[in-house]
Amino acid sequence: MSEQTISDRAGKGPLIYRQSIWTRVTHWLWAICLFFLLLSGLQIFNAHPALYIGQQSGFEFDNAVLEIGAVNTDAGARGQTTLFGQTFDTTGVLGMSGPAEQPQFTAFPGAVTIPSYRDLATGRVVHFFFGWVFVFTMFVWFLASFINGHIRRDIVPLGDDLKGVPKDVADHARLRFHHGRSYGPLQKLSYFGVFFILFPLIVLTGLTMSPGMNSIAPFLLDIFGGRQTARTIHFVVMVLLVGFFIIHIAMVLAAGPLNELRSMITGWYRASPGTPASGGDKP
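Residues numbered from 1 in each chain as written. Predicted model: local features only at pLDDT ≥ 70, side-chain atom pairs only at ≥ 80, totals over all residues. Heavy atoms only, no water.

Q: For this particular structure, what's the right way to read the overall build of the protein?
A: Looking only at helices and strands, the protein features 11 helices and six strands. Its C-alpha atoms give the protein principal-axis dimensions of roughly 75 × 45 × 35 Å. Residues counted as buried form 39% of the 283 residues belonging to the protein. For the protein, the accessible surface area stands at approximately 16,100 Å², while carbon and sulfur atoms represent 68% of it. (Helix = DSSP H or I, 4+ residues; strand = E, 2+ residues; numbered from the N terminus. Buried < 20%, exposed > 50% of the residue type's maximum accessible area, 1.4 Å probe, protein only. Areas by Shrake-Rupley, 256 points an atom, 1.4 Å probe, with all protein chains shown as cover.)

Q: Help me understand the sheet that holds strand β5 (residues 86–89) in this model?
A: The strands making up a sheet associate through hydrogen bonds between their backbones, and the pairing can be parallel or antiparallel. In spatial order, the strands read β2-β3-β4-β5; together these four strands make up an open sheet with antiparallel pairing. Whereas interior strands pair on both sides, the edge strands pair on one side only; in this sheet they are β2 (50–52) and β5. Averaged over all pairs of adjacent strands, the angle between their axes in this sheet comes to 25°, without regard to strand direction. Summarising the sheet, strand β4 (residues 76–83) and β5 pair through four bridges and their orientation is antiparallel. Looking at the pairing, Thr-82 lines up with Thr-87 of β5. (Pairing = 2+ DSSP bridges. Axes fitted to C-alpha atoms, helices over the stretch in contact; angles between N-to-C directions.)

Q: Even after reading the chapter, I still don't get the pairing of β4, so can you show me in this structure?
A: As a general feature of sheets, a regular strand has side chains that alternate between the two faces. Pairing of strand β3 (residues 64–73) with β4 involves eight bridges; the strand directions are antiparallel. Within the sheet, the bridge partner assigned to Glu-67 lies in β4 and is Thr-82. Remark: two residues form the turn of the hairpin made by β3 and β4, two consecutive strands paired antiparallel. Counted between consecutive antiparallel strands, the loop separating β4 from β5 contains two residues, among which Phe-84 sits at a positive phi close to 50°.

Q: In this structure, what is going on with the pattern of salt bridges? I would like to understand it.
A: When their charged atoms lie close together, side chains carrying opposite charge are able to pair. Considering all chains together, one arrives at five salt bridges under this definition. Residues Arg-153 and Asp-154 are paired through a salt bridge, measuring 3.3 Å at the closest nitrogen-oxygen approach. Of the residues examined, Arg-153 reaches a relative accessible area of 16% and is grouped as buried. With a closest N to O distance of 3.4 Å, Asp-171 and Arg-174 form a salt bridge. Note on Asp-171: relative accessible area 14%, which makes it buried. Here the residues in one salt-bridge network are Lys-167, Asp-171 and Arg-174, joined through shared partners. (Salt bridge = Lys/Arg side-chain N within 4 Å of Asp/Glu carboxyl O.)

Q: Please clarify how the packing of aromatic side chains should be interpreted in this entry.
A: Each aromatic ring pair is summarised here by two numbers: the centre-to-centre distance and the angle between the ring planes. Overall, the coordinates contain 19 aromatic pairs when judged by the stated rule. Seen in terms of ring centroids, Phe-35 and Phe-36 are 5.2 Å apart; in terms of plane orientation they differ by 90°. Their pairing is edge-to-face. Using a relative accessible area of 45% as the deciding quantity, one classes Phe-35 as partly exposed. Each ring, one from Phe-192 and one from Phe-196, has its centre 4.9 Å from the other, and the planes form 25°; the classification is stacked. Placement of both Phe-192 and Phe-196 in helix α7 (residues 185–208) is noted, with a separation of four residues, approximately one turn of the helix. (Phe/Tyr/Trp six-rings, centres within 6.5 Å; stacked < 30°, edge-to-face > 60°.)

As structure tokens, this is what we get:
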């Protein structure tokens, strides 16, 4: 009797080898890198907590799209965030945080920065180190995934995947998950967006902000509309990646965390009943 028949009769689908060693190692390296990049990036942002559109910035320019700081009011100091000209009181979260007797006047509080105190130099060292680890990991993933067919099979959405998006959206809304040999339409679209749009964007905009890279590839400044615009895009992509991470964790918890974790640790994944125990390309 086949493993699939036994599993289906037991109410379980077959165990399939779904994630290659390359996918698993790069997945966890990215998780580590993005953690340190985010927190050290917020440390760097705190040195000048404003974002602009254009080539230049300064007191004589009025091109800021985001500003986070503290202001004096009749009620005392308050944290304030201005986004596209709209001002919000963000005391306790952004601009001013910490206990009332010893407030912290930084855009992002020390609890979410590396280091937790003001230290731009250390923040930059940490950011650049994990930035290059991130780039190397991305190169390894692309090369391995191209060779073993992971990109073609699981990442690039095809016509049938696009047609299946409405049904997949409805299934996710009802928390009905199909555990198959490959990713579903929404997974393919989201991973394609992350790997082929967000990851390249955050790397290229990071390089655009580097004066040393500007001498090697000055065209990056033209592509992204200047160093300040690149910095703004870099920040926005970071926010989108944080949003993706939150949704990703929520879906892992909803779809079965033990099965998903096993897949990303050992490579073996419990598929839905009726899924072929073998077939198709190997991961």
